[in-house]
Amino acid sequence: MGKFDKSLNSLSMVVPYVNLIGQHKALKAEILKAVEDVLDRADFIMGKAVVQFEEAFARYCSTQYAIGVNSGTDALFLSLKALDIGPGDEVITVPNSFIATVSAIVATGARPVLVDVEEDSFNIAPSLIEGAMTPQTKAIIPVHLTGKPANMKEIVKIAAHHGVHIIEDAAQAIGAAHRGQRVGTFGILGCFSLHPLKNLSACGDGGVIVTNSEKLYERIHALRKCGLKNRDESPEFGYNSRLDTMQATILNVKFQHIDAWNQKRRENAHYYRENLGDVVMVPQEHEDETAVYHTYVIRAQSRDELKAFLQMQGIETKIHYPIPIHLQEAAGGLGYKVGDFPVTERHTDEILSLPIYPELTAEQMDKVVRAIRNFYQSRISRSL
Ligand SMILES: *Cc1c(COP(=O)(O)O)cnc(C)c1O
């Protein structure tokens, strides 16, 4: 795949994998005005826009509190720290997430314990969680991968039974819900990323944590600004992980569009499902869930050939993720090996993320559908 990635960049693609320029074009005047207001107020650190964003985000999730931080990774790290998780503790999560889910655990000194995922949802398999628990298990971090809710009903039951915390990695899933309840609100803490590629994004790094616990809110509030609970007093040593006022002011503009953008992603997903479901495995959606399709991941035969074929037609695709976390060099010390997570490993060879962003045109989507159909059609006729 590298061969094609190097010769053609996103901008020369007929269907690039993302279109951040398109997303910001329509909002440019409004964003520039908001940035100007911050320049005029000069409240660059913990300014008015940060508080506004936090209040709006908490309202959106129906939680008591939201705390802006500087990334999704830090949202996870600070959540673990606020629960006193560290050396000697174990935290259960999955091997098929973005690497940061596990990096955040390792950064606390705790040990990540990985559990394989469900065949169809790409999310943690509840039936495997108890087998991975030990007396050291302190928390479970389910990841709502692709923007599809993990099976929180089961996970909440298991966590409650064993007295362990749930920290949700909802980095890819803002707005996703199970029976109307938004993800990020099932556990004690919910973590979101506002990275430029996420469904709601800053123009730089950003993250946010939601919770209903006043105690955890106050602790994280202090931890993100050097442990200071007010201007002068630090009950404990902390970190510097604030959400910038500049990013918050941009987020306040973009936040107003998140539901419409997610809806467009869902419509695009529906179109793919209707038009590709007979040639590749497409994501299915259960009645009681709302998925927000951060990525649209199909499972395809001859995936590498399909990816190269699409690239030649100007259609850019990605793989999330080509190397499962347990097989990363960084994970060498965790003691895992090839074969430990068969579902994740099988997925790795089959998965392909198609462009799904709200700015896609009907023509572009049609082109993607036709190219994929042509690929399998020509393979069938060649083998006849
Ligand atoms: C993006 C992402 C993160 C990390 O977020 P950053 O804002 O990039 O630090 C963590 N977990 C998952 C599942 C992600 O997709």
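Please read these numbers as outputs of a predicted model, since none were measured by experiment. (Residues numbered from 1 in each chain as written. Predicted model: local features only at pLDDT ≥ 70, side-chain atom pairs only at ≥ 80, totals over all residues. Heavy atoms only, no water.)

A. Local environment of the overall build of the protein chain. Helix and strand counts for the protein chain come out as 14 helices and 12 strands. Taken over C-alpha atoms, the radius of gyration comes to 21 Å for the protein chain, in line with the 21 Å a tight globule of 384 residues would show. In terms of overall dimensions, the protein chain has a C-alpha envelope of 75 × 55 × 40 Å along the principal axes. Relative to its 384 residues, the protein chain shows a buried fraction of 54%. Pairs at least 24 apart in sequence give 70% of the contacts found in the protein chain among residues at least 6 apart. (Helix = DSSP H or I, 4+ residues; strand = E, 2+ residues; numbered from the N terminus. Rg over C-alpha atoms; globule rule 2.2 N^0.38 Å. Buried < 20%, exposed > 50% of the residue type's maximum accessible area, 1.4 Å probe, protein only. Contact = heavy atoms within 4.5 Å.)

B. Local environment of the site of the ligand. Near the ligand, the surroundings consist of 15 residues, among which Gly72, Thr73, Asp169, Ser193 and Lys198 are the closest. Gly72 places a main-chain nitrogen or oxygen 2.8 Å from an oxygen atom of the ligand. One nitrogen or oxygen atom from the side chain of Thr73 is found 2.5 Å from an oxygen atom belonging to the ligand. When isolated, the ligand has an accessible area of 380 Å², and the protein chains bury 94% of it. (Near = heavy atom within 4 Å. Polar contact = N/O pair within 3.5 Å; in protein donor to acceptor, adjacent residues only side chain to side chain. Areas by Shrake-Rupley, 256 points an atom, 1.4 Å probe, with all protein chains shown as cover.)

C. The arrangement of a nonpolar patch on the surface in detail. A cluster of nonpolar side chains, Leu39, Phe44 and Ile45, forms an exposed patch at the surface whose accessible area comes to about 290 Å². Checked against the element boundaries, Leu39 lands in helix H3 (residues 28-41). (Patch = residues over 30% accessible without salt bridge, like charges linked within 9 Å, V, L, I, M, F, W, Y side chains within 5 Å. Salt bridge = Lys/Arg side-chain N within 4 Å of Asp/Glu carboxyl O.)

D. Seen up close, empty space enclosed by the protein. Scanning the model with the defined rule gives two cavities of 30 Å³ or more in all. The volume enclosed by the largest cavity comes to roughly 130 Å³. Lining the largest cavity are 14 residues, with Asn96, Leu145, His320, Tyr321 and Ile351 positioned closest to its centre. Take the lining of the largest cavity: its biggest share by element is three residues, from helix H13 (residues 342-350). The residue makeup of the lining of the largest cavity includes at least three contributed by each of domain 1 (2-19 + 257-383) and domain 2 (24-255). Computed from the structure, the second largest cavity encloses a volume of approximately 90 Å³. Broken down by class, the residue content of the lining of the second largest cavity amounts to six nonpolar, four polar and three charged. Formed jointly, the lining of the second largest cavity draws a minimum of three residues from each of two domains, domain 1 (2-19 + 257-383) and domain 2 (24-255). (1 Å grid on protein atoms, 1.4 Å probe; cavity = no way out; pocket = protein on both sides within 12 Å on 5 of 7 lines; lining within 4 Å. Points joined across faces, edges and corners; volume = space filled by probe spheres on them. Domains from an automatic or database assignment. Nonpolar A, V, L, I, M, F, W, Y, C, P; charged D, E, K, R; others polar.)

E. Spatial organisation of the domain arrangement of the protein chain. What the domain assignment lists for the protein chain is domain 1 (2-19 + 257-383) and domain 2 (24-255). Computed over C-alpha atoms only, the centres of domain 1 and domain 2 are separated by 25 Å. Of the residues lining the interface, 34 residues belong to domain 1; the matching set on domain 2 comes to 41 residues. Summed over both sides, the interface of domain 1 with domain 2 buries roughly 3200 Å², with 55% coming from carbon and sulfur. Together, His294, Tyr321 and Ile325 form the three largest contributors to the area buried by domain 1 at its contact with domain 2, with a combined 22%. At the surface where domain 1 touches domain 2, the tally comes to four salt bridges. Salt-bridge contacts for Asp288 lead to Arg179; the nearest nitrogen and oxygen are separated by 3.7 Å. Going through the elements one at a time, helix H11 (258-276), strand S10 (289-290), strand S11 (296-299) and H13 are the ones with two or more residues in the side of domain 1 that touches domain 2. (Buried area = accessible area lost by both parts, 1.4 Å probe.)

F. Highlighting the sheet that holds S10. Here three strands make up an open sheet; going across it, the order is S7-S6-S10 and the pairing antiparallel. A single partner strand is all that each edge strand has here, and the edge strands are strand S7 (181-182) and S10. Sheet topology note: the strand S6 (residues 177-178)/S10 ladder contains two bridges and is antiparallel. Within S10, the position partnered with Ala177 by the bridge is Thr290. (Pairing = 2+ DSSP bridges.)

G. Highlighting the confidence of the model for the protein chain. Residues with a pLDDT of 70 or more make up 96% of the protein chain, whose mean pLDDT is 95. In the model, residues 1-8 has pLDDT below 50 throughout and makes eight contacts with residues more than four positions away in sequence or in other chains. (pLDDT = per-residue confidence, 0-100.)

H. Local environment of the packing of aromatic side chains. The final tally for this structure, using the stated rule, is 13 aromatic pairs. Measuring from ring centre to ring centre gives 5.6 Å for Phe57 and Phe255, while their planes differ by 25 degrees; the resulting arrangement is stacked. With Phe57 in helix H4 (residues 48-61) and Phe255 in helix H10 (residues 245-255), this pair connects stretches of sequence that are 198 residues apart. For the pair Phe57 and Phe255, a shared accessibility class is recorded, and that class is buried. Consider the rings of Tyr293 and Tyr296, whose centres lie 5.8 Å apart with planes at 35 degrees: the pair is tilted. Of the two residues, Tyr293 and Tyr296, both sit in the buried class. In textbook terms, an aromatic cluster arises when at least three aromatic residues are bridged by ring pairs, as seen for Phe53, Phe57, Tyr60, Phe192 and Phe255. (Phe/Tyr/Trp six-rings, centres within 6.5 Å; stacked < 30°, edge-to-face > 60°.)

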